[in-house]
Every structure is written in structure tokens, then in C-alpha cells.
Amino acid sequence: KGKKLPPGPRGLPILGSLHKLGANPHRDLHQLALKYGPVMYLRLGFVPTVVVSSPQAAELFLKTHDLVFASRPRYQAEKYVSWGQRNLGFAEYGSYWRNMRKLCTLELLSQTKINSFRSMREEELDLLIKLLREAAKDGATVDLSAKVSTLSADMACRMILGKKYMDQDLDEKGFKAVMQEAMHLVATPNMGDYIPYIAALDLQGITKRLKVNHKIFDHFFDKIIDEHMDSDKGEDKTKDFVDVMLGFYGTEESEYRIERPNIKAILMDMLAGSTDTSATAIEWTLSELLKNPRVMKKLQMELESVVGMKRKVEESDLEKLEYLDMVIKESLRLHPVAPLLIPHQSTEDCMVGDFMIPKRSRLIVNAWAIMRDPSAWRDAEKFWPERFEGSSIDVRGREFQLIPFGSGRRGCPGIQLGLTVIRQTVAQLVHCFDWKLPNHILPAYLDMTEKYGLTMPRDNHLLAIPSYRLSL
Ligand code: HEM
């Protein structure tokens, strides 16, 4: 009594405010927040939902009350994409999640582990540079989005599964297509999640498609696990993620036995976490550089002075490239890979400021709106890396106006790996080549339309013409 919910739209019977969300929910929720405020309450179907849209509000939910909001909602999809919430990303808050998070952070995503794959990353990037040099000789237009997506998938496969998989190894549709189908199915709002009474009807056919997709991955992972179990473990071989996970096979991580479904769920998490995310961030950064030739030139000058024109960029150069760091921060600010992070859920009733948030409310953090909040950022819509000059703001979730990796207990455990891949790839592509847009498109006219999903890439592929610039 006397405790009030945050303001928000009343909504329709049954649907609640679901009908207000169109093809770009991050923009729709931002419009609603302009009317109702940075902490807004709405019903999506039968699901009570809080939407947070300012840095101050994000701090309240992801820092002050982080523990209460550190769980995840249950989804129809979880049985299929996370082998029944056995992964990290969708697991409810509790001891299973804590154990898996510790295992992933210490064993798979530690700095030492990331470093052990350095030469592999350089090899893959070299292959791309070679291919682009050939294209440059012919003055050919390159589909940069496709090239970067393949690079990122190849790096992920080698690190996680031990080798690159040809498209047809997973399914006749191809590795990337099947992975993208999984991501797409998870991102598509399933009516059954919001209106549980109709879940069994599967009106959108999502569950049916999920079952097919699950079967493909289940077989694929079985094959990979069997191959790893049979293979000779040479002492000097860098252990991929399957090797590491198999080290825990059949053992008990506190009260949980690590069996095949747990390993498959974590492999899926790592693949999903490291393929589309880095590729999307690289694609947007290159887009902004092509759109802003002044910034491109300044970045090339930094590379020229730190690396020189006689060699390629090495990972050890990255820490000296301060302007590169600013460019990537600015790109992640304007183009967050996950614009609404991943939804959180509360585990108990909680007073946040003056508002009462009921137990099992879904929490959506509109990172996209927060990172363009004009009260937190001057000229918020402008791509201007210099805004970070002399500033201590980083992307690790300590400052709530810049949270592309989330913040708090559920913040991304793959930040270091993600940033390494993004920095190294952007630096190499910009150092080795000058780039121009095809068909005489003027930089200012480069289309920047987004395609909303769990990750948010460009709507149209980025096409550009390289010309080689090193004397090597
Ligand atoms: C550009 C690169 C990346 C970006 C922008 C990114 C962003 C994010 C975001 C926004 C979240 C959700 C945070 C929240 O819910 O509050 C997240 C969670 C997660 N990310 Fe990343 N990520 C990236 C790379 C990676 C990589 C390389 C991996 C692993 C190989 C990874 C694995 C995960 C996992 C497992 C979670 C779930 C954590 C949990 O629920 O406890 N991510 N990431």
C-alpha cells in the first residue's frame, strides 16, 4: 500500500503494450521513455516489464540493486538453444550460473587463454589481408560485411572447436546460415513467451524451427566432442575450448556434474558470443570511418607513426594506439552491438528510488538510448572520437553512460576477447588499405540503417574498394 509502480502506458487487455513495439524496439521504447521517463513500467503480454533509459537509472538497477536484477527470464527457446538453461547467458541467477560463469571466466576467457590464440588470430587476419590485396590489384569492390563475418566465424571456430569448419560440415545450409538462424529465432519475439496460454499453439512456428535448428547443433557438437575424445592430446597443442570443457567432463563443479548437454550449451554460448558480436562492431566502425574521412585519415596517421609503413600491425602495438581506442569507443556508443543488452529478471520485490518493482519483473536496459542521451553526451548523435580525449570513461561498465558490454554481475565476460579482435582487425584493415565507397557514393551519403536483432548489424552490407598502402 502506498508503493507505486513507475509510470508507463496502460496497454491493451492481453497484449499490454506489445503492439507498440515494431521493427525497431530500441527506438520505440526510447519514444515511450521520452513521454513516461527513464524508469518506465509496461506490460508486454502478461509479462511485467521495467525499461531503463538513462545512465542514472541504469546505475540504480545494474549497480545499487544489481543482485535483485541479476537473473534471466525463462524462454520457450531455452530448451533448444541452451539445452534447458544449461548455458551462461540465459541461466537463472543461482549456484549453477555462478559456477559456470567462474569456469568460463577463469578457464576460457582469461587473458592467458586469449593470448594463447594470438598467432591463430594473426594467421586468419593475414589470410584476409592477402585476399584484399588481390582485390585491390583489380580495383574490385569488396563486401566488407561478408568478409569480416567470415573472419570472425573462422577465428571463433578455431579457438572454440579447434579448427575451421567448412560451411557444409554443419549442415547443407552452411555454418553461418545455421548459426544466424539460431540467433534470429532467439531474437524474434515469441508470442508464447508473453502470453503463456497460447505457447503450445506455436502460432508463429518458432518452436518448430527451433527444434530443427537444435537437432543440427546437437549432432554437430556430438561429432566434435567425439573427435576430441578420440584425438591424441599432444602436450604442446594449444587447448581449444572443447578440450578445456572435456577436462571437466563427468566431474562435479560443486554440486553440478558436467555432462554433454552442459558442454554443448557452453560451446553454443561461446560461439554465439564471439561470432556476430565482434563482426557487427567491426562493420559499424569501418562504416563510421568511411563516412568520416577526417577520422579515417587521423587514425591512419596514428598507425603510421606507431607502426610505420614497412610492417603490419601486431597485437602488441594495440596498447599504444590511443586514437584507435577512442574511435572504437565512439562506434560502440553509437552502434551498440546489443542495443537492449540481454533482458534481466528480478528475483524479489524491490524498492528502486520511489518505485516498487515486483518480483519476476523483466528488466530491459535501453543501452542504445542511454548512449545517445543528450544530457550525458554533447552533440550526442555526432561521431566524434575526440570526445574521449583526456576522459577516463571506458567501456567496461564502470560509467553508466557507456555500457556496450552491460555492467554488473551479468556484464559480458568476453569483453577482453571482443575488444582484442575488434581493435586488431580495424587497425589492420585501416593500416594496410585506403578505402573508398563504390559507385561514387559520397561519404556523407553512406546508408547507416540498422537491422534490429539480439545483435544489431547494418541493414545493407558495407561495400568498399581497397587500395594497398604499405611499402611491404
Ligand atoms: C564486441 C563484442 C561483444 C559485445 C559488444 C558483447 C556484449 C554483451 C552484452 C551487452 C551482454 C549482456 C549484458 C547484460 O545482460 O547486462 C553480453 C553478455 C554475454 N557475453 Fe558478450 N559481448 C561481446 C563479446 C563476447 C565474447 C567474445 C564472448 C565469449 C566468447 C561473449 C560472451 C558473453 C556471455 C556468455 C554473456 C552472458 C553473461 C551472463 O549472462 O552471465 N561476449 N555480452
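Trainee: Outline the coordination of the iron atom of the ligand, supporting the account with residue identities and numerical values.
Mentor: Coordination of the iron atom of the ligand by the protein involves just one donor, C412 (SG), at a distance of 2.3 Å. With respect to the helices, strands and loops of the structure, C412 is situated in the loop between α17 (367–370) and α18 (415–432).

Trainee: Lay out helix α7 (residues 144–160) with the relevant residues and their values.
Mentor: Over its 17 residues, α7 runs 24 Å from end to end, which matches the ideal 24 Å to within 8%, given 1.5 Å per residue. When you tally the buried positions in α7, you get 13 out of 17 residues, the bulk of the element. After α7 finishes, the residue G162 shows a positive phi value of roughly 100 degrees.

Trainee: Break down the layout of surface pockets for me, citing the residues and quoting the values.
Mentor: Reported here for the largest pocket is a volume of approximately 1300 Å³. Around the largest pocket, the lining is made up of 48 residues, and of these A187, Y452, G453, L454 and T455 lie nearest the centre. At the level of elements, α1 (25–36), α7, α9 (175–187), α10 (191–194), α11 (206–230), α14 (276–291) and β9 (362–365) are the ones that each hand at least two residues to the lining of the largest pocket. Looking at the lining of the largest pocket element by element, the count peaks at seven residues for α9. Across the lining of the largest pocket, the residue classes break down as 27 nonpolar, 13 polar and eight charged.

Trainee: Which residues make up the site of the ligand, and what values do they have?
Mentor: Lining the immediate environment of the ligand, one finds 25 residues, of which R72, W97, H344, R410 and C412 sit closest. Interatomic distance of 3.3 Å between a backbone N/O atom of I342 and an oxygen atom of the ligand. Within the contact set of the ligand, an oxygen atom lies 2.8 Å away from a side-chain nitrogen or oxygen of H344. Among the elements that make up the shell around the ligand, the one with the highest residue count is helix α13 (residues 260–274) (four residues). Across the shell around the ligand, the residue classes break down as 14 nonpolar, seven polar and four charged.

Trainee: Can you tell me about unusual backbone geometry, naming the residues and giving the values?
Mentor: In the Ramachandran plot, W83 falls in the positive-phi region, its phi being about 45 degrees despite a non-glycine side chain. Within the fold, W83 resides in the loop between α3 (78–81) and α4 (95–108). Overall, the relative accessible area of 7% leaves W83 in the buried class. For N439, which is not glycine, the phi torsion reads 55 degrees and is therefore positive. When you line up the elements, N439 lands in the loop between β10 (433–436) and β11 (463–468). Take N439: its relative accessible area is 68%, and that puts it in the exposed class.

Trainee: Hey, could you go over the pairing of strand β2 (residues 47–52) for me, with residue numbers and the actual values?
Mentor: Within β2, five of the six residues are buried, which leaves the element mostly enclosed by the surrounding structure. In terms of strand pairing, strand β1 (residues 39–44) meets β2 through six bridges, oriented antiparallel. By the bridge assignment, Y41 is partnered in β2 with V50. What sits between the antiparallel neighbours β1 and β2 is a turn of two residues, in which G45 has the positive phi angle 60 degrees.

Trainee: Requested: an account of a nonpolar patch on the surface, with residues and values cited.
Mentor: Together, I14, F46 and Y197 give the surface a local cluster of nonpolar side chains, amounting to about 370 Å² of exposed area. Summarising the element assignment, F46 is placed in the loop between β1 and β2. Looking at F46, the relative accessible area reads 38%, which means it is partly exposed.

Trainee: Account for the side chain of N87, naming residues and giving values.
Mentor: Relative to the assigned elements, N87 resides in the loop between α3 and α4. With relative accessibility at 4%, the residue N87 sits in the buried group. Discounting chain neighbours no more than four positions away, the residues touching N87 are S82, Y96, A265, I266 and D269.

Trainee: Tell me about α14, residues and numbers included.
Mentor: Here α14 contains 16 residues, and its C-alpha end-to-end distance of 22 Å stays within 8% of the 22 Å for a straight helix at 1.5 Å per residue. The element α14 is largely enclosed, with a buried count of 14 among its 16 residues.

Trainee: Any chance you could break down the sheet that holds strand β3 (residues 142–143) for me, citing the residues and the numbers?
Mentor: Strand pairing in a sheet relies on backbone hydrogen bonds, with the paired strands running either antiparallel or parallel. Across the sheet, which stays open at both edges, the three strands sit in the order β3-β11-β10 with antiparallel pairing between neighbours. Among the strands making up the open sheet, the edge pair consists of β3 and β10. As judged from the two bridges shared by β3 and β11, these two strands associate in the antiparallel manner. Each residue of the ladder has a partner; that of D143, found in β11, is L463.

Trainee: Residues and numbers for the nonpolar core, please.
Mentor: Among the nonpolar cores identified, the biggest contains 126 residues, and L161 and F221 are the most heavily contacted of them. In terms of residue count, the dominant contributor to this core is α18 (ten residues). With near-sequence residues (within four places) excluded, F221 lies in contact with W83, L161, K264, L267, M268 and L271.

Trainee: Please provide a residue-by-residue account of the packing of helix α16 (residues 322–334) against α18, values included.
Mentor: At a minimum axis separation of 11 Å, α16 and α18 run at an interaxial angle of 115 degrees. With respect to their mutual orientation, α16 and α18 come out roughly perpendicular. Judged by the sense of rotation from one axis to the other, the crossing of α16 with α18 is right-handed. On α18, the residues touching L324, D325, I328 and L332 of α16 are L419, I422, R423, V426 and A427. Class assignment for the residues of the contact of α16 with α18 results in seven nonpolar, no polar and two charged.

Trainee: Residues and numbers for the packing of α14 against α16, please.
Mentor: Between α14 and α16, the shortest axis-to-axis distance is 9 Å and the interhelical angle comes to 105 degrees. Relative to α16, α14 is oriented roughly perpendicular. Contacts from A281, W284, T285, E288 and L289 of α14 reach α16 at V327, I328, S331, L332 and L334. Tallied by class, residues from the contact of α14 with α16 come to seven nonpolar, two polar and one charged.

Trainee: A description of the state of the cysteines should follow, citing residues and the corresponding values.
Mentor: Enumeration over the complete set of coordinates arrives at zero disulfides. Sulfur of C157: no disulfide; nearest cysteine sulfur belongs to C104 and is 17 Å away.

Trainee: I'd like to hear about the confidence of the model for the chain, residue by residue, with values.
Mentor: In the predicted model, the chain carries a mean pLDDT of 93, and 96% of its residues have values of at least 70. Overall fold confidence for the complex sits at a pTM of 0.95, while the interface term, ipTM, reaches 0.99.

Criteria and thresholds
Residues numbered from 1 in each chain as written. Predicted model: local features only at pLDDT ≥ 70, side-chain atom pairs only at ≥ 80, totals over all residues. Heavy atoms only, no water. Donors = N, O, S within 2.8 Å, 3.2 Å for Na, K, Ca; no water. Helix = DSSP H or I, 4+ residues; strand = E, 2+ residues; numbered from the N terminus. Expected span 1.5 Å × (residues − 1). Buried < 20%, exposed > 50% of the residue type's maximum accessible area, 1.4 Å probe, protein only. 1 Å grid on protein atoms, 1.4 Å probe; cavity = no way out; pocket = protein on both sides within 12 Å on 5 of 7 lines; lining within 4 Å. Points joined across faces, edges and corners; volume = space filled by probe spheres on them. Nonpolar A, V, L, I, M, F, W, Y, C, P; charged D, E, K, R; others polar. Near = heavy atom within 4 Å. Polar contact = N/O pair within 3.5 Å; in protein donor to acceptor, adjacent residues only side chain to side chain. Pairing = 2+ DSSP bridges. Patch = residues over 30% accessible without salt bridge, like charges linked within 9 Å, V, L, I, M, F, W, Y side chains within 5 Å. Areas by Shrake-Rupley, 256 points an atom, 1.4 Å probe, with all protein chains shown as cover. Salt bridge = Lys/Arg side-chain N within 4 Å of Asp/Glu carboxyl O. Contact = heavy atoms within 4.5 Å. Core = buried A, V, L, I, M, F, W, Y, C linked by side-chain atoms within 4.5 Å. Axes fitted to C-alpha atoms, helices over the stretch in contact; angles between N-to-C directions. Parallel < 35°, antiparallel > 145°, perpendicular 65-115°, else oblique. Left-handed = near helix turned anticlockwise from the far one by under 90°. Disulfide = S-S within 2.5 Å. pLDDT = per-residue confidence, 0-100.

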